[in-house]
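Structural overview
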Amino acid sequence: MFNFSYKTQRYLILFGFLTIPVLLSLTFSYYPAVSLFYYSLTDWTGLGWDMHFIGLDNYKEIFTKPEVFGVLKNNAYYFIGGLVQVALALYFAVILNGRLRGKNGFRAALFLPYVLHSVATVIMFKNVYHGEYGSLNMLLGAIGLESWQQSWLGNKHLVNISLAFISMWKFMGLNMVVFIGALQSIPSDLYEAASIDGASGWQKFRYITLPSIRSVMELMLILTLTGALEAFDIPYVMLLGANGTSTFVIQTVNTAFKYQNFGLASAMAVVLLLMVLLFIVIQRKLLFRGEK
Amino acid sequence: MEREGSVGFAVFKYVTIAVALFVVFFPIYSVVIGAFKTQVEYYQSGLSLPKDFFYLDNFSKVIDVGGLMLGFRNILVILFIAVAGNVVFGTMVAYALGRFEFKLRKTIMGMYLVAQVIPMVTTQVATFTIIQHLHLYNTMGAPILLYLGADVLQIVIYLQFVGSIPRDLDESAMIEGASLFRIYRSIIFPLLGPATATLIILKSISIYNDFYTPYLYMPSQKLKVVSTAIYSFIGPNAAQLNVISAGILLIFIPTVVLFLFMQRYIFAGVTNGSVK
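Residues numbered from 1 in each chain as written. Chains lettered and ligands numbered in written order. Predicted model: local features only at pLDDT ≥ 70, side-chain atom pairs only at ≥ 80, totals over all residues. Heavy atoms only, no water.

As annotated in an unreviewed UniProt entry, chain B is Carbohydrate ABC transporter permease from Paenibacillus protaetiae. Per its UniProt entry, chain B bears the Sequence similarities (unreviewed entry) comment "Belongs to the binding-protein-dependent transport system permease family." Under the UniProt heading Subcellular location (unreviewed entry), the note attached to chain B is "Cell membrane". (UniProt positions renumbered as here; feature names shortened; annotations may be inferred.)

An unreviewed UniProt entry lists chain A under the name Sugar ABC transporter permease, with Paenibacillus protaetiae given as the organism. Reading the Subcellular location (unreviewed entry) entry of the UniProt record for chain A gives the comment "Cell membrane". Recorded under Sequence similarities (unreviewed entry), the UniProt text for chain A is reproduced unchanged: "Belongs to the binding-protein-dependent transport system permease family."

Right, dumping it as structure tokens:
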């Protein structure tokens, strides 16, 4: 088929196999990131190409308007929910990795929410949380806890918790499976040696399991944090961000596409990007120093 | 891990699992029963099982009014092209990076790693303008192109597999006079099969579930995908919880079936992708 020398073929393969993928990555990851910085310094509306350079005015607006940063406290619900979820995932990973009847079935069942369609899941919870006919209130009524019945989405103190719970519900199983994978890569003779030395179950967990899954923990914490900062689907599908559930990304999307202020939206996106990067750096430096 | 715990801990384990299973299945149970109830029944019968599991009006209603079939068709087209592209590009990149030493190798690898740190949502404003420039706004080309690029996860998984294929195979093929492309096509690509199966499933699930991309880039009614179809359906019909339940159930089915049959691959992909 090819009558070129292997040297020529090598060039052809490298060029032919890498050009398009690399171009895709440059076009849809790097170019947007760079142009975002530029747009953030303009007053562009997103309609037409009429834009003026206005320096750091957009950033000034972000940092002086409390309502922009105020929504970050809504993102915090998703972060706290995420931490609880990681802890639960680790717990279930540990017990479902040990000796237990029917553990494969339990794993599959707990993982199931992750494969369910995300928008349909949120709408499902809309039905669950429905004030009058929601199945959650019906359940509480059926077991005699009428006094616990709530307007889950109407109550300002509960709404964000209700929403963050959906995210926990959906992702717990995924994280659990990742943890199980990490647990299985720990050589079993470590545990045997510890047993001979008389270590208790908790000691084995503390001194063998935890250190061995450190890198996975780190990954999870970063994903939890960035996931919380990027929360969008759940509050948007549920309430369009109304009733005090708006998140930073909802605000960015609205600023760009609803209020036609691409310049300001870009600046918000840059701020979000920098926050994510900052947290990743801090997390790597602080949390896991002493390692490596 | 193994714990020679007390009976108390054993009981605790099963209790917590039971609670978790209840929490997972209760919402699902409520849409399953809701989907088979008439509207009156829905509002009166609470959590009890439907009278008639052959009452299918809700399903036909959500299919007709909600445009679900169009959504299924559109997402299938997008999925097919995007996932095929992903497999082709992913294996090509892994072959090039895994089998050859060249100057830019580290740079390209690093490029993919850094790109993963950039959160997709933050760059949407800028991506949006690129899609407009390419005249792909409101076409299926937009999501296809956005989903097409192989991501670092894919490349890492494929690279591991490429590394485990003995180089002797390549060499003996070269002795027989096979071209490097032929080696990719007849040796590397087929041997990457298990990894490909995993990636096809995981990628399909994530594209099927995506709301953001179709919502922003394909507002046209004709280009509804499953996500946007059900989203636009909840507005005017918010009161008909039974019909909505039927829609949710229909949308759940494809990935659940896929999951039940492909569990092994899915679990393998999730663990391989994240742990290493």
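1. Side note on the nonpolar core
Residue and element names in this part refer to chain A. In this structure, Phe111 and Met176 are the most contacted members of the largest nonpolar core, which totals 185 residues. Residues from two domains meet in this core; each of domain 1 (1–29) and domain 2 (30–119 + 156–287) gives at least three. Filtering out sequence-adjacent residues up to four positions away, Met176 remains in contact with Ala89, Phe92, Ala93, Leu96, Arg107 and Leu110. (Core = buried A, V, L, I, M, F, W, Y, C linked by side-chain atoms within 4.5 Å. Buried < 20%, exposed > 50% of the residue type's maximum accessible area, 1.4 Å probe, protein only. Domains from an automatic or database assignment. Contact = heavy atoms within 4.5 Å.)

2. Topic: the packing of helix 4 (residues 68–99) of chain B against helix 10 (residues 180–191) of chain B
For any two helices packed against each other, one specifies the inter-axial angle together with the distance between the axes. Residue and element names in this part refer to chain B. Running from N to C, helix 4 and helix 10 cross one another at 110 degrees; their axes reach a closest spacing of 11 Å. Of the possible angle classes, the one that applies to helix 4 and helix 10 is roughly perpendicular. For the pair helix 4 and helix 10, the sense of crossing is right-handed. Contacts between helix 4 and helix 10 pair Val87, Val88, Thr91, Met92, Tyr95 and Arg99 from the former with Leu180, Ile183, Tyr184, Ile188 and Phe189 from the latter. Split by residue class, the contact of helix 4 with helix 10 holds 9 nonpolar, 1 polar and 1 charged. (Axes fitted to C-alpha atoms, helices over the stretch in contact; angles between N-to-C directions. Helix = DSSP H or I, 4+ residues; strand = E, 2+ residues; numbered from the N terminus. Parallel < 35°, antiparallel > 145°, perpendicular 65-115°, else oblique. Left-handed = near helix turned anticlockwise from the far one by under 90°. Nonpolar A, V, L, I, M, F, W, Y, C, P; charged D, E, K, R; others polar.)

3. Observations concerning unusual backbone geometry
Residue and element names in this part refer to chain B. The phi torsion at His135 lies on the positive side, around 60 degrees, for a residue other than glycine. Tracing the chain through its elements places His135 in the loop between helix 6 (124–133) and helix 7 (141–148). Located in the positive-phi region is Asn138, a residue other than glycine, with phi close to 65 degrees.

4. Some words on the pattern of salt bridges
Any two side chains of opposite charge can pair, on the condition that their charged atoms come close. Residue and element names in this part refer to chain B. Scanning the entire structure with this criterion turns up 3 salt bridges over all chains. Note that Asp170 is salt-bridged to Arg99, the shortest N-O span being 2.8 Å. With Asp170 in helix 9 (residues 167–175) and Arg99 in helix 4, this residue pair connects regions lying 71 residues apart in the sequence. Assigned by exposure class, Asp170 and Arg99 land together as buried. (Salt bridge = Lys/Arg side-chain N within 4 Å of Asp/Glu carboxyl O.)

5. Here's the deal with the UniProt feature "transmembrane region" (unreviewed entry) in chain B
Residue and element names in this part refer to chain B. According to UniProt, the feature "transmembrane region" (unreviewed entry) maps to residues 12–36, 75–97, 109–132, 144–166, 187–208 and 241–261 in the numbering used here. As annotated, residues 144–166 has a helix share of 78% and a strand share of 0%, and its two end C-alpha atoms lie 34 Å apart. With 100% helix and 0% strand, the stretch residues 241–261 has end C-alpha atoms that lie 30 Å from each other.

6. Looking at the interface of chain A and chain B
The interface is formed by 101 residues belonging to chain A together with 93 residues belonging to chain B. Along the contact surface separating chain A from chain B lie 17 residue pairs in polar contact (both at pLDDT 80 or more). In terms of residue count, the dominant contributor to the side of chain A that touches chain B is helix 1 (residues 6–39) of chain A (24 residues). Per-class residue counts for the side of chain A that touches chain B are 73 nonpolar, 19 polar and 9 charged. (Polar contact = N/O pair within 3.5 Å; in protein donor to acceptor, adjacent residues only side chain to side chain.)

7. Structural notes on the side chain of Asp210 of chain B
All names here are of chain B. Along the polypeptide, Asp210 turns up in the loop between helix 11 (193–209) and helix 12 (212–217). No salt bridge is formed by the buried Asp210; its nearest oppositely charged neighbour, Lys203, is found at 10 Å. In this structure the side chain of Asp210 is engaged in a polar contact, spanning 3.3 Å, whose partner is the backbone nitrogen of Tyr212. Those residues within four positions of Asp210 in sequence are excluded, and the remaining contacts are Tyr147 and Ser227. (Lys, Arg positive; Asp, Glu negative; His and termini not counted.)

8. As for the domain arrangement of chain A
Residues and elements named next belong to chain A. For chain A, the assigned domains read domain 1 (1–29) and domain 2 (30–119 + 156–287). On a C-alpha basis, the centroid separation for the pair domain 1 and domain 2 is 36 Å. With 5 residues of domain 1 in contact, the opposing surface of domain 2 contributes 4 residues. On the domain 1 side of the contact with domain 2, Leu26, Thr27 and Ser29 bury the most area, a combined 83% of that side's loss. Linking domain 1 to domain 2 there are 0 salt bridges. For the interface between domain 1 and domain 2, the tally reads 4 residue pairs in polar contact (both at pLDDT 80 or more). Taken together, the residues of the side of domain 1 that touches domain 2 sort by class into 2 nonpolar, 3 polar and no charged. (Buried area = accessible area lost by both parts, 1.4 Å probe.)

9. Regarding the UniProt feature "domain: ABC transmembrane type-1" (unreviewed entry) in chain A
Cross-referencing UniProt, the feature "domain: ABC transmembrane type-1" (unreviewed entry) maps to residues 71–283 of chain A in the present numbering. Spanning residues 71–283 of chain A, this segment combines 76% helix with 0% strand, and its end C-alpha atoms are found 23 Å apart.

10. Details of helix 10 (residues 201–212) of chain A
Residues and elements named next belong to chain A. Compared with the 16 Å implied by 1.5 Å per residue over 12 residues, the 15 Å span of helix 10 between its first and last C-alpha is a close match. Of the residues making up helix 10, those classed as buried are Gly201, Lys204, Phe205, Ile208 and Thr209. Buried positions in helix 10, seen along its axis, are confined to an arc of 120 degrees and lie on one side of it. Across from the buried face of helix 10, at angles greater than 90 degrees, the exposed residues are Trp202 and Tyr207. Structurally, helix 10 contributes buried residues whose contacts are with helix 4 (72–97), helix 8 (159–184) and helix 9 (188–196). (Expected span 1.5 Å × (residues − 1). Arc of directions from axis to C-beta.)

11. A look at helix 13 (residues 248–258) of chain A
Residue and element names in this part refer to chain A. Most of helix 13 is tucked away: 9 of the 11 residues are buried. Every buried residue of helix 13 is listed here: Phe248, Val249, Ile250, Gln251, Thr252, Val253, Asn254, Thr255 and Ala256. Phi turns positive one or two residues past the end of helix 13, at Gln260, with a value near 50 degrees.

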